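Chain by chain, the residues run as shown.
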Amino acid sequence: MKVDVLLGLQWGDEGKGKIVDVFTPKYNIIGRFQGGPNAGHTLEFNGIKHVLHTIPSGIFHANSINIVGNGVVIDPVIFKKEIDALKKYNVDVQSRLLLSKKAHLILPTHRLIDAASEAAKGNAKIGSTLKGIGPTYMDKTGRNGLRVGDINDPNFKEKYNFLILKHAQILEFLHYEYNLEALEPDWFEGIELLKKLKHIDSEQYLNDALLQDKSVLAEGAQGSLLDIDFGSYPFVTSSNTICAGACTGLGIAPNRIGKVFGIFKAYCTRVGSGPFPTELLEETGEQLRKTGKEFGSTTGRPRRCGWLDLPALKYAIMINGVTELIMMKADVLSGFEKIKICTQYEVKGQAVDNFPFDISPEYVKPIYKEFKGWGQDLTSVTSASDMPTELVDYILFLEKQLQIPITIVSVGPDRTQTLFR
Ligand code: GDP
Ligand code: IMO
Ligand code: MG
């Protein structure tokens, strides 16, 4: 069997958690391949909303295994909170959740360095989630990090102290005051919990499973425009969020990749700093934020909102090799008299289709095509054949432009509010 990949094509929060949950009954294994608790993946069913940060979004299904892959970074404190939150729903985490021994650990000082470097940047800050993501990946590539497989090492505390010492020098350089002693008890409590879970060589486990014809879905975090290489650098996250990240973050060879599900909102959002060509800074943006409840699942920050951006979407589709598209939050556009799509950018007086190196407002201006809106509320529509004609026109236009079928249209946060085309 092959590994299917589901990933975000925009700046994150496209609705990955919801769709992974919807797809899980079709897969034996769900694997997260990058990112960490900067992610907030929301699932809704039976009137209850769950937000997952590190645990894969297949966890609520009894028949699937969930793997936290080697590419993920784990904060033991947040991880413990997530597991505790699952207890009241009787989720059998012990048998359903496996951790890669090679996944890196977020230390309390990684979080402090994240905060200190954001503070030092002032107005130029990334707007990070302050979860310690950047510093942890820096230690990974700098070959200093601690991994899940290290926690049973008798010298673990020594290794921890050694790294903490290095971090103390960085924090001193950044003139950042902190109280590490107050943070350590929770962290080590989290480590004790991690010890109780199953640690595996996930690359071996997954490749063995594929040979046994097991089906695997790789769950992305963040979105393609936050990718460390291809996103709007430096306003990006610190991992490869694109399809190739599933290979390195799970130990899957490129020829093992099957379908690539690219997920996007019917409009655009972004949280944190950085350029956003189609951002709406007036009333329409406010309306999108209000109707779409666009507030961060991890930080609660208001998300910046704007119209759909085709040059960016085409770029993300190209980089990822998307084979199927999933359009989320179509219901949020109900009631807009006019809906716009950015079809090209104007760069130095020329209309361009490609995604340029610099997408800052001084350099690119969006060129829009206007569509007629629809009044109908979509949240109770149960069949794609009952979609209003204006929405069908919107979808057909996108399929023609993007040359990839839109196989799912989501019309509400609940599992059931999912239309298959
Ligand atoms: P993720 O990070 O990609 O998993 O997405 P988030 O969970 O951060 O953000 C998506 C938000 O939109 C969550 O609050 C979801 O419950 C919600 N959501 C998902 N799909 C839909 C939809 O089709 N319509 C509406 N109105 N909300 C949705
Ligand atoms: P999910 O998986 C939206 C953004 C942050 C910031 C930048 C860098 O829920 O889609 P970081 O903490 O990673 O160093 O922050 O990336 N960001 C996200 N935005 N959804 C996410 O995850 C995000 N994870 C990080 O807001 O701009
Ligand atoms: Mg999210």
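All values reported here derive from a predicted model rather than from experimental measurement. Residue indices follow the written sequence of each chain, beginning from 1 at its first position. To read the labels, note that chains go from A and ligands from 1, taken in the order they are written. With pLDDT at 70 or above as the cut-off, local features in this predicted model cover only qualifying residues; side-chain atom pairs require 80 or more to be listed or tallied, and sums for whole chains, interfaces and linings still use all residues. Excluded from the side-chain calculation are hydrogens and water; included are all heavy atoms of the structure.

**Student:** When you look at the site of ligand 2 in this model, what are you seeing that I'm missing?
**Tutor:** Each residue is tested against the molecule or strand, and it is near if at least one of its non-hydrogen atoms lies within 4 Å. Taken together, 21 residues sit near ligand 2, with D13, K16, H41, T129 and T237 positioned nearest. Distance and chemistry together define a polar contact, namely a pair of N or O atoms within 3.5 Å, with one atom able to donate a hydrogen and the other to accept it when in protein, and with adjacent residues in sequence counting only for side-chain atoms on both sides. In the model, an oxygen atom of ligand 2 is placed 2.8 Å from a nitrogen or oxygen of the D13 main chain. Between ligand 2 and T237 there is a distance of 2.6 Å, counted from an oxygen atom to a side-chain nitrogen or oxygen. In the complex, the protein chains occlude 97% of the 550 Å² of accessible area that ligand 2 would expose alone. Partitioning the shell around ligand 2 into residue classes produces 8 nonpolar, 10 polar and 3 charged. Only the protein chains shown count as cover for residues, with accessible areas throughout obtained via the Shrake-Rupley method and a probe of 1.4 Å. The nonpolar class holds Ala, Val, Leu, Ile, Met, Phe, Trp, Tyr, Cys and Pro. Asp, Glu, Lys and Arg form the charged class, and all remaining residues, Gly among them, are polar.

**Student:** Help me understand the sheet that holds strand β7 (residues 97–100), please; the structure alone is not making it clear to me.
**Tutor:** Backbone-to-backbone hydrogen bonds join strands into a sheet, with any given pair of strands oriented parallel or antiparallel. Should DSSP find at least two bridges between two strands, the strands are taken to pair. Strands here mean DSSP runs of E at least two residues long; helices mean DSSP runs of H or I at least four residues long; both are numbered from the N terminus. Pairing in this open sheet of 10 strands is mixed, and the strands run β9-β7-β5-β2-β10-β1-β11-β15-β19-β20 from one edge to the other. The open sheet has two free edges, formed respectively by β9 (198–200) and β20 (418–420), since each of these has just one partner strand. Here the strands of the sheet are splayed against their neighbours by 25° on average, with no regard to which way each runs. Judged from the 4 bridges that link them, strand β1 (residues 3–8) and strand β10 (residues 216–219) form a sheet pairing that is parallel. The residue bridging V3 from the neighbouring strand is V216, located in β10. Structural elements are reduced to axes, namely lines fitted to C-alpha atoms, with helices fitted over the stretch in contact, and the angle between N-to-C directions of any two is expressed from 0 to 180 degrees.

**Student:** Please explain the packing of helix α2 (residues 76–87) against helix α7 (residues 180–196) as it appears in this structure.
**Tutor:** The description of two packed helices rests on the angle between their axes and on the distance between the axes. At a closest axis distance of 7 Å, the pairing of α2 and α7 adopts a crossing angle of 60°. Taken together, the axes of α2 and α7 are oblique relative to one another. The way α2 lies across α7 gives a crossing that is left-handed. Contact residues: P76, V77, F79, K80 and I83 in α2; D186, W187, E189, G190, I191, L193 and L194 in α7. Roughly parallel refers to an angle under 35 degrees, roughly antiparallel to one over 145, roughly perpendicular to one between 65 and 115, and oblique to any angle outside these ranges. Take the far helix as the reference: if the near one is turned anticlockwise from it by less than a right angle, the crossing is left-handed, and if turned clockwise, right-handed. Whether two residues are in contact is decided by their heavy atoms, any of which lying within 4.5 Å being enough.

**Student:** Just checking my understanding: could you explain the nonpolar core for this structure?
**Tutor:** Inside soluble globular proteins, nonpolar side chains tend to come together where they are buried. Core analysis: the largest hydrophobic core is formed by 59 residues, its most contacted members being M327, L333, Y394 and L398. Other than its neighbours up to four places away in sequence, M327 contacts F264, K265, A266, L391, Y394, I395, L398, I406, I408, V409 and S410. By nonpolar core is meant a set of buried Ala, Val, Leu, Ile, Met, Phe, Trp, Tyr and Cys residues that side-chain atoms within 4.5 Å join together. Relative accessibility decides the category of a residue: with a 1.4 Å probe and only protein chains considered, values under 20% of the type maximum give buried, values over 50% give exposed, and everything between is partly exposed. I74, V77, F79 and V148 belong to the second largest nonpolar core, which has 33 residues in total.

**Student:** Explain the coordination of the magnesium ion (ligand 3) to me, please; I cannot follow it from the model alone.
**Tutor:** Put simply, a metal with four donors set out as a tetrahedron has ideal angles of 109.5 degrees, and one with six donors set out as an octahedron has ideal angles of 90 or 180 degrees. Only N, O and S atoms count as donors, using a 2.8 Å limit from the metal and a wider 3.2 Å limit for Na, K and Ca, and since water is excluded some coordination spheres may look unfilled. Binding of the magnesium ion (ligand 3) to the protein goes through D13 (OD) and G40 (O), at separations of 2.1 to 2.2 Å. Taken together, the residues D13 in the loop between β1 and α1 (16–23) and G40 in the loop between β2 (29–32) and β3 (41–45) connect sequence positions 27 residues apart. The class of D13 is partly exposed, set by a relative accessible area of 23%. For G40, a relative accessible area of 11% puts it in the buried group.

**Student:** Sorry if this is basic, but what is going on with the site of ligand 1 here?
**Tutor:** Taken together, 20 residues lie around ligand 1, and K16, T42, S297, D331 and S410 are the ones closest in. In the model, an oxygen atom of ligand 1 is placed 2.8 Å from a nitrogen or oxygen of the K16 main chain. With respect to ligand 1, the side chain of D331 contributes an N or O atom lying 2.8 Å from a nitrogen atom. Secondary structure elements with two or more residues in the shell around ligand 1: α1 and β3. The residue inventory of the shell around ligand 1, partitioned by class, reads 4 nonpolar, 8 polar and 8 charged.

**Student:** Would you explain unusual backbone geometry in this entry?
**Tutor:** In terms of backbone geometry, most residues other than glycine have negative phi values and most peptide bonds are trans. For the bond running from Y233 to P234, omega is 5°, close enough to zero to count as cis. Relative to the assigned elements, P234 resides in the loop between β10 and α9 (243–250). The backbone phi angle of H175 is positive, close to 55°, even though this residue is not glycine. Along the chain, the position of H175 falls in the loop between α6 (156–173) and α7. Accessibility expressed as a relative area gives 73% for H175, which makes it exposed. For K348, which is not glycine, the phi dihedral falls at a positive 50°. K348 gets classed as exposed once you look at its relative accessible area, which sits at 72%.

**Student:** Before we go on, may I ask you to explain α9 in this structure?
**Tutor:** The α-helix advances 3.6 residues per turn, and as a result positions three or four apart in sequence lie on the same side. The buried fraction of α9 is high, at 6 of 8 residues. Restricting attention to buried positions, one finds in α9 the residues C243, G245, A246, C247, G249 and L250. Just downstream of α9, G251 is the residue with a positive phi angle, here 80°.

**Student:** I'm lost on the environment of D414 in this one. Help?
**Tutor:** Its place among the elements puts D414 in the loop between β19 (406–410) and β20. Judged by its relative accessible area of 16%, D414 falls in the buried class. Linking D414 and L43, residues 371 residues apart in sequence, is a C-alpha distance of 7.2 Å. With residues near it in sequence (within four places) discarded, D414 still touches K18, E44, F45 and N46. Side-chain polar atoms of D414 contact the side chain of T416, separated by 2.7 Å.

So yeah, pure geometry; function would need other evidence.
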